[in-house]
Amino acid sequence: MSNDGMSFSDPADSPALFDLPPAGPDFVLEQRARLRGLWPVAGCDEAGRGPLAGPVVAAAVILDPDRIPEGLDDSKKLTAKRRSALFEKIMADAVVSVASSSPALIDRINILAASLDAMRRAVCGLARAPMLVLADGRDRPPGIACGAEAVIKGDGRSLSIAAASIVAKVTRDRMMETAGLLYPAYGFDAHAGYGTARHLSAISEAGPCPLHRRSFRPIREFGRAAGDITPDVIEP
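With reference to specific residues and values, describe the nonpolar core.
Ranked by internal contacts, the top residues of the largest apolar core, which has 28 residues, are V61, L63, L72, I90, L134 and I166. Listed by contribution, the elements that provide at least two residues to this core are helix 1 (28-35), strand 1 (41-47), strand 2 (56-62), helix 2 (80-93), strand 4 (132-136) and helix 5 (159-182). Aside from chain neighbours lying at most four places away, what touches V61 is V41, A42, G43, I90, A94, V95, V96, S160, A163, A164 and V167.

Can you tell me about helix 1, naming the residues and giving the values?
Those residues of helix 1 lying buried are L29, E30 and A33. The buried residues of helix 1 occupy one face: seen down the axis, they fall within an arc of 100°. Among the exposed residues of helix 1, those pointing more than 90 degrees away from its buried face are R32 and L35. Next to the buried residues of helix 1 lie strand 1, strand 4, strand 5 (147-151) and helix 5. At the exit of helix 1 stands G37, carrying a positive phi of roughly 85°.

I'd like a description of the state of the cysteines, backed by residues and values.
Applying the stated rule across the entire model yields 0 disulfides. Cysteine C146 shares no disulfide, and the gap to the nearest cysteine sulfur, in C124, comes to 8.5 Å.

Can you tell me about the pairing of strand 2, naming the residues and giving the values?
Taken residue by residue, a regular strand's side chains alternate between the two faces of the sheet. With 7 of 7 residues buried, strand 2 is to be regarded as a mostly interior element. Burial along strand 2 is two-sided: the face carrying V56, A58, A60 and I62 and the face carrying V57, A59 and V61 are both buried. Bridging between strand 1 and strand 2 involves 5 bridges; their strand directions are antiparallel. Following the sheet pairing, C44 is matched in strand 2 by A60. Relative to strand 3 (residues 95-101), strand 2 is paired through 7 bridges, and the arrangement is antiparallel. Paired with V61 across the two strands is V96, which belongs to strand 3.

Provide a residue-level description of the environment of A58, including the pertinent values.
Among the secondary structure elements, A58 is positioned in strand 2. Each C-alpha atom of the pair A58 and S115 lies 7.2 Å from the other, and the pair is 57 residues apart in sequence. Once residues lying within four places of it in the same chain are set aside, the contact partners of A58 are D45, E46, S97, V98, A99, A118, M119, A122 and A168.

Any details on the sheet that holds strand 3? Residues and values, ideally.
If you walk across this open sheet you meet the 5 strands as 3-2-1-4-5, and the pairing is mixed. Among the strands making up the open sheet, the edge pair consists of strand 3 and strand 5. Neighbour to neighbour, the strand axes of the sheet diverge by 20° on average, direction disregarded. Where helix 1 meets the sheet, it contacts strand 1, strand 4 and strand 5, and its direction lies at approximately 155° from that of strand 4.

Tell me about the pattern of salt bridges, and please be specific about residues and values.
A complete count under the given rule lists 9 salt bridges for this structure. Among the ionic pairs, R121 bridges to D117, the shortest N-O distance being 2.9 Å. Residue R121 and its partner D117 are both found in helix 4 (residues 111-124); the two are separated by 4 residues, about one turn of the helix. R121 gets classed as partly exposed once you look at its relative accessible area, which sits at 28%. The partner of D173 in a salt bridge is K169, and the shortest N-O contact between them spans 3.3 Å. One end of the pair, D173, and the other, K169, are both in helix 5, 4 residues apart, so they sit about a helical turn from each other.

Cut-off values and rules
- Numbering of residues starts from 1 in each chain and follows the order in which that chain's sequence is written.
- Reporting in this predicted model follows two pLDDT cut-offs: at least 70 for local features of residues, and 80 or more for side-chain atom pairs to be given and counted; totals over whole chains, interfaces and linings ignore these cut-offs and use all residues.
- Excluded from the side-chain calculations are hydrogens and water; all other atoms, namely the structure's heavy atoms, are used.
- Only buried residues count toward a nonpolar core. Its members are Ala, Val, Leu, Ile, Met, Phe, Trp, Tyr and Cys residues joined through side-chain atoms within 4.5 Å.
- Per-residue accessibility, obtained with a 1.4 Å probe over protein chains only, is compared with the maximum for each type, and a residue is labelled buried under 20%, exposed over 50%, and partly exposed between these values.
- Going along the chain from the N terminus, every DSSP run of H or I of four or more residues is numbered as a helix, and every run of E of two or more is numbered as a strand.
- Two residues qualify as a contact provided that any one of their heavy atoms is within 4.5 Å of a heavy atom in the partner residue.
- The directions from the helix axis to the C-beta atoms are what the arc is built from.
- Note on disulfides: each one is a pair of cysteine sulfur atoms within 2.5 Å.
- We treat two strands as partners when DSSP finds at least two bridges between them.
- Helix axes are fitted to C-alpha atoms over the stretch in contact, other axes to C-alpha atoms as well, and angles between N-to-C directions run from 0 to 180 degrees.
- Basic side-chain nitrogens of Lys or Arg form a salt bridge, by our definition, when they fall within 4 Å of a carboxyl oxygen of Asp or Glu.

So far we have only geometry, and geometry alone does not tell us how the molecule works.
Below, the structure is given as structure tokens:
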């Protein structure tokens, strides 16, 4: 009992009226835009900003409100099997466009600019022009013909962005599986270009290949040690 005579029950004695479902993306941002006369709405996201090798891939997706696949979520929260199944449903029932920026472009203009440029090209490649783009993150892709809103942690808030995150992730993973066949020494099919111990060991033994981002610190430092002078580019 408190000093003012009021008593407080133990939380265990006060169960919730009902169990709340885990928070996840919904269609609220899209519906709000529709009420403002902005339709269709495209979600846009990218995959592959952090790896040491391979492209950064962006996807733009316009969902059909009547055919939204069940289980859409941030791609990082889904298993590879679940992502692949949702990818097929999204490709079948939505308007989708994919674009990528190569390691060479990343090295030339930096990873953030290359990511936003891939997002811009993905939006511009949509077969149906959106009236609004919901872009994951803090930045809006430049040079698009409609309005755009940056949505922080958007792949966990918007179903359209979640769909784009799945398409971008699955597309990039498949590209890196192919890269693993072309450059088997690096194991790209296992780590998708991220800086795992196996990957760093392979770089140390074999040096970088054409898919490596030479502006990223581990690759840049290897190049300097080998006498290859590469211009500095600010990393994310």
